[in-house]
Amino acid sequence: MSISKIGVVGAGTMGNGIAQVAAQAGLKVILVDIEQSFIEKGMKNIVKNWDKDLKKGKISEEQKAAFEGNITTSVDKSALSDCDLVVEAIIENIDIKKQLFKELNDICAPETIIATNTSGFSITEIAAASGRPAKVVGTHFFNPVPVMRLVEVIPGEETSRETVAAAMEFCKIIGKTAIEAKEAPGFIVNRLLVPYLNDACHAFGEGVASAKDIDEAMKLGANMPIGPLALCDLVGIDVLLMVTEYFFKEFGDPKFRPALAMKQKVRAGHLGGKTGKGFYDYSK
Ligand code: CAA
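For the structure given in this document, a descriptive report is provided here. (Residues numbered from 1 in each chain as written. Predicted model: local features only at pLDDT ≥ 70, side-chain atom pairs only at ≥ 80, totals over all residues. Heavy atoms only, no water.)

1. Observations regarding the site of the ligand
The test is simple: One heavy atom within 4 Å of a molecule or strand makes the whole residue count as near it. As used in this structure description, the phrase polar contact means that two N or O atoms lie within 3.5 Å; if the pair is within protein, one of them must be able to donate a hydrogen and the other to accept it, and residues adjacent in sequence are counted only when both atoms belong to side chains. Throughout, the Shrake-Rupley method with a 1.4 Å probe supplies accessible areas, and for residues the shown protein chains are the sole cover considered. A run of DSSP states H or I qualifies as a helix once it reaches four residues; a run of E qualifies as a strand once it reaches two. Both are numbered from the N-terminal end. In the scheme used here, Gly and all other residues not listed as nonpolar or charged are polar, with Ala, Val, Leu, Ile, Met, Phe, Trp, Tyr, Cys and Pro taken as nonpolar and Asp, Glu, Lys and Arg as charged.
Around the ligand sit 17 residues in total, of which Lys58, Ser119, His140, Asn143 and Asn190 are the nearest. One of the side-chain N or O atoms of Ser119 is found 2.9 Å from an oxygen atom in the ligand. A distance of 2.8 Å separates a nitrogen atom of the ligand from a polar backbone atom of Asn143. Computed on the free molecule, the ligand has an accessible area of 1000 Å², of which 62% lies beneath the protein chains in the complex. Those elements that place two or more of their residues in the shell around the ligand are helix H7 (189–205) and helix H9 (228–235). Its residues assigned to classes, the shell around the ligand shows 10 nonpolar, 5 polar and 2 charged.

2. Details of a nonpolar patch on the surface
Rules: In this analysis, a patch consists of residues with relative accessible area above 30% that form no salt bridge, clustered at 9 Å for like charges and at 5 Å for the nonpolar side chains Val, Leu, Ile, Met, Phe, Trp and Tyr. The rule for a salt bridge is simple: a side-chain nitrogen of Lys or Arg has to be within 4 Å of a carboxyl oxygen of Asp or Glu. For every residue, the accessible area (1.4 Å probe, protein chains only) is compared with the maximum for its type, and the residue is labelled buried under 20%, exposed over 50%, or partly exposed between those bounds.
On the surface, Ile179, Ile188 and Leu192 cluster together into a nonpolar patch covering about 270 Å² of accessible area. As for its position among the elements, Ile179 is in strand S8 (residues 177–180). When its relative accessible area of 38% is taken as the criterion, Ile179 is described as partly exposed.

3. Examining the pattern of salt bridges
In total, this model carries 9 salt bridges according to the counting rule given. The partner of Glu68 in a salt bridge is Lys64, and the shortest N-O contact between them spans 3.6 Å. Here Glu68 and its partner Lys64 are both found in helix H3 (residues 61–69), 4 residues apart, which amounts to about one turn of the helix. In this structure Glu68 comes out as partly exposed when scored by relative accessible area, which is 31%. Residue Lys64 is classed as buried on the basis of its relative accessible area, which comes to 13%. Measuring nitrogen to oxygen at the nearest pair gives 2.9 Å for the salt bridge that ties Lys274 to Asp238. Here Lys274, found in the segment after helix H11 (260–267), pairs with Asp238, found in helix H10 (residues 237–251); they are 36 residues apart in sequence, far enough to count as distant.

4. Focus on the side chain of Asn49
For clarity, the cut-off: Contact criterion: two residues are considered in contact whenever any of their non-hydrogen atoms come within 4.5 Å of each other.
Structurally, Asn49 is set in helix H2 (residues 36–55). A polar contact of 2.9 Å, which involves the side chain of Asn49, links it to the side chain of Gln20. Every residue in contact with Asn49, bar those within four places of it in the chain, is listed here: Gln20 and Pro146.

5. Examining the pairing of S8
What counts, and what does not: Paired strands, as defined in this entry, are two strands with at least two bridges between them according to DSSP. Place the viewer so that the strands point away; then a crossover is right-handed whenever the path from the first strand over the helix to the second strand goes clockwise.
Across 4 bridges, the pairing between strand S7 (residues 150–155) and S8 is parallel. The residue of S8 that forms the bridge with Val151 is Ala178. Taken together, S7, helix H6 (residues 161–173) and S8 constitute a β-α-β crossover, and its handedness is right-handed.

6. As for the environment of Asp51
Following the sequence through the fold, Asp51 ends up in helix H2. Distance from Asp51 to Leu31, taken between C-alpha atoms, is 20 Å for residues 20 residues apart in sequence.

7. What about the sheet that holds strand S4 (residues 85–88)?
Applied cut-off: Axis lines are fitted to C-alpha atoms, over the contacting stretch for helices. Their N-to-C directions set the angle, which ranges from 0 to 180 degrees.
Spatially, S3-S2-S1-S4-S5-S6-S7-S8 is the arrangement adopted by the 8 strands of the open sheet, whose pairing is mixed. The open sheet has two edge strands, strand S3 (71–74) and S8, and neither has a second partner. Ignoring which end each strand starts from, the neighbouring axes of this sheet average 25° apart.

8. Thoughts on the nonpolar core
Put simply, the test is: Throughout this description, the term nonpolar core refers to a set of buried Ala, Val, Leu, Ile, Met, Phe, Trp, Tyr and Cys residues connected via side-chain atoms within 4.5 Å.
In this structure, Leu80, Val86, Leu104, Cys201, Leu229, Cys232 and Met262 are the most contacted members of the largest nonpolar core, which totals 41 residues. Counting residues per element, the ones that place at least two in this core are strand S2 (28–32), helix H4 (94–107), helix H5 (123–130), H7, helix H8 (211–222), H9, H10 and H11. Top contributing element to this core by residue count: H10, with 6 residues. Once residues within four sequence positions are removed from consideration, Cys201 is found in contact with Leu229, Cys232, Ala259, Ala261, Met262 and Phe279. Counting 36 residues, the second largest nonpolar core, distinct from the first, contains Ala22, Leu27, Leu31 and Ile39.

9. Focus on the packing of aromatic side chains
Rules: Any pair of Phe, Tyr and Trp rings, taking the six-membered ring for Trp, is counted once the centres come within 6.5 Å. Such a pair is stacked with planes under 30 degrees apart, edge-to-face with planes over 60 apart, and tilted for the rest.
Scanning the model with the defined rule gives 6 aromatic pairs in all. Considering the side-chain rings of Trp50 and Phe67, the 5.4 Å spacing of their centres and the 45° angle between planes classify their relative orientation as tilted. Note that Trp50 is positioned in helix H2 and Phe67 in helix H3, a separation of 17 residues in sequence. Taken as a pair, Trp50 and Phe67 share a single burial class, namely buried. Seen in terms of ring centroids, Phe204 and Phe279 are 5.2 Å apart; in terms of plane orientation they differ by 85°. Their pairing is edge-to-face. Residue Phe204 is found in helix H7, and its partner Phe279 is found in the segment after H11; the two are separated by 75 residues along the sequence.

This is the structure:
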């Protein structure tokens, strides 16, 4: 199957990153969200990244204009009707995702592949709700999307091999390395990374050290590119809490118990960089 036009549903952190890399790869992209203000925020971030690349001499004015010309936006999902592939990157809530997939099944052409960027939910469950399970697949990107090279491709129980092959091809087109993973909570990366971040929040909550010292320790003592609490802020503490709660429920193992410090940040609305405050203050 040839992929030339893709849809991205959700203009947030992950969605705008996916739209950016696809547009850079020469694909036509339609970026959809429920509110114009969300689209504007997402587009602002994409253009900011291209402006930085322009300043660094990584791209030319002409390339920037061509990339921008590859993206159109809409608050109307019916704009996705003629896409070869649609990537869903909305809030990490399985009921909302299932409802969206049902709607997308009615909107999109029967041959359209619908991919979910879920951080760890069951692809089979989302696919079953869609009414086209053979055409649904997980494509899990990493934050920041323009920088991180991996995409996990996850087939559900009924996903066809053609759909998996098309998802792998899509990743190749946009310059990412795809790894196929079996469906299991968190797939590969989050299965290992999220418990580590949750443990960092437990350590912080228990007063083992300050946020800065926990991060410094992991950077200097384990050669991590970024400390765990700064990474929580980058990913979004709300996203991590939802994933951790899902692991706790799905595995039934107390080792996945969400840290109180993580819950408290979410209750306070301090979700990380995207709200200006998390374990660190980004407002200044
Ligand atoms: N968007 C686009 N580009 C970005 C960026 C962003 N948000 N943040 C940084 N970059 C770019 C910079 O522009 C810079 O580019 P150049 O090399 O062209 O100059 C490059 O990345 C390096 O950035 P910095 O020098 O500013 O900072 P750094 O060296 O500390 O790198 C980082 C920043 C790339 C985020 C690095 O800290 C890192 O790799 N961290 C780990 C990130 C990670 O683990 N992500 C996975 C999270 S889990 C997830 O996403 C899955 C999930 O479901 C929860």
